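Architecture and fold: a report
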Amino acid sequence: MTKKEKIRYYGKDILDSKSIQIQKQCLQHGKRTVFEHSLAVALMCLTINEFLHLKLNERRLIRGALLHDYFLYDWHVKDKSHRLHGFRHPYFALENARKEYELDPVLEDMIVKHMFPLIPIPPKYRESWVLCIADKICASKETILRK
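The structure reproduced in this document is the subject of the present report.

Reading the values: rules and limits
Residues numbered from 1 in each chain as written. Predicted model: local features only at pLDDT ≥ 70, side-chain atom pairs only at ≥ 80, totals over all residues. Heavy atoms only, no water. Axes fitted to C-alpha atoms, helices over the stretch in contact; angles between N-to-C directions. Helix = DSSP H or I, 4+ residues; strand = E, 2+ residues; numbered from the N terminus. Parallel < 35°, antiparallel > 145°, perpendicular 65-115°, else oblique. Left-handed = near helix turned anticlockwise from the far one by under 90°. Contact = heavy atoms within 4.5 Å. Nonpolar A, V, L, I, M, F, W, Y, C, P; charged D, E, K, R; others polar. Expected span 1.5 Å × (residues − 1). Buried < 20%, exposed > 50% of the residue type's maximum accessible area, 1.4 Å probe, protein only. Core = buried A, V, L, I, M, F, W, Y, C linked by side-chain atoms within 4.5 Å. Phe/Tyr/Trp six-rings, centres within 6.5 Å; stacked < 30°, edge-to-face > 60°. Lys NZ or Arg CZ within 6 Å of the ring centre and 35° of its normal. Salt bridge = Lys/Arg side-chain N within 4 Å of Asp/Glu carboxyl O. 1 Å grid on protein atoms, 1.4 Å probe; cavity = no way out; pocket = protein on both sides within 12 Å on 5 of 7 lines; lining within 4 Å. Points joined across faces, edges and corners; volume = space filled by probe spheres on them.

Some words on the packing of helix 3 (residues 34–51) against helix 7 (residues 126–145)
Helix packing geometry: the angle between the two helix axes and the distance between the axes. At a minimum axis separation of 8 Å, helix 3 and helix 7 run at an interaxial angle of 125°. One finds that helix 3 runs oblique with respect to helix 7. Like other packed secondary-structure pairs, helix 3 and helix 7 cross with a definite hand, here right-handed. Residues His-37, Ala-40, Val-41, Met-44, Cys-45 and Ile-48 of helix 3 pack against Val-130, Leu-131, Ile-133, Ala-134, Asp-135, Ile-137, Cys-138, Ala-139 and Glu-142 of helix 7. For the contact of helix 3 with helix 7, the residue count by class is twelve nonpolar, one polar and two charged.

This is the structure in structure tokens:
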């Protein structure tokens, strides 16, 4: 199975959800939407896992990546609730994900800790570290290239 096929297989319910449509409308970095960013992070998680021979749970990596920015609002819109977005959005994403999906402690840690070191509590699980690194790689690339 290709990486894209794995993302579709393990993330089908997330990718087909009504809430994901909000992510398709909101910009994240440069001209990338939150949805496109989350897909790129999922691909990067699989790439890191494969490259480093970590043998981590691919289903968890994919689902954590798809839900890590599940805050479901456009943070570029001026609104008091969007203040300190970088610090607060992991908690909003976790709250939204809990409403729609069954999460285990690893997935919860992945979502909340993906902004380390901006949020000073380090990831607890290897999957969380991979997501954190994949997110930084993708966000940096998207911001620098602005494509």
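We are not done yet, so read on.
Structural notes on helix 3
For helix 3, spanning 18 residues, the distance from its first C-alpha to its last is 25 Å, which sits close to the expected 26 Å at 1.5 Å a residue. Within the span of helix 3, buried status applies to Val-34, Phe-35, His-37, Ser-38, Ala-40, Val-41, Ala-42, Cys-45, Leu-46, Ile-48 and Asn-49. The inward-facing, buried residues of helix 3 abut helix 1 (3–15), helix 2 (20–25), helix 4 (58–67) and helix 7.

What about the nonpolar core?
Within the largest apolar cluster, 32 residues are counted, with the highest numbers of intra-cluster contacts made by Val-41, Cys-45, Leu-67, Tyr-70, Leu-103 and Ile-111. Counting residues per element, the ones that place at least two in this core are helix 1, helix 3, helix 4, helix 5 (85–100), helix 6 (105–113) and helix 7. The element contributing the most residues to this core is helix 3, with seven residues. Residues in contact with Val-41, not counting those within four places in the same chain, are Ala-65, His-68, Leu-131, Ala-134, Asp-135 and Cys-138.

Details of the packing of aromatic side chains
Taken as a whole, this structure holds three aromatic pairs when the rule is applied. Their ring planes at 75° and their centres at 5.0 Å tell us that Tyr-9 and Tyr-10 sit as a pair that is edge-to-face. On the basis of relative accessible area, Tyr-10 is assigned to the partly exposed category, the value being 23%. A cation over an aromatic ring shows up here: Lys-24 above the ring of Phe-35, its NZ or CZ 4.8 Å from the ring centre.

Describing the pattern of salt bridges
Going through the model one piece at a time under the given rule, you end up with nine salt bridges. In this structure, Arg-63 engages Asp-13 in a salt bridge whose closest nitrogen and oxygen atoms are separated by 2.7 Å. Here Arg-63 is found in helix 4, whereas its partner Asp-13 is found in helix 1, with 50 residues between them in sequence. Taking relative accessible area as the criterion, Arg-63 reaches 5% and is therefore assigned buried. Relative accessible area serves as the criterion here: at 38%, Asp-13 is assigned to the partly exposed category. Within this structure, Arg-8, Lys-12 and Asp-16 form a network of salt bridges that share partners.

Some words on the layout of surface pockets
Roughly 210 Å³ of volume is contained in the largest pocket. What lines the largest pocket is a set of ten residues, among which Arg-32, Ala-40, Cys-138, Lys-141 and Glu-142 lie closest to the centre. Counting residues per element, the ones that place at least two in the lining of the largest pocket are helix 3 and helix 7. When its residues are assigned to classes, the lining of the largest pocket shows six nonpolar, no polar and four charged.

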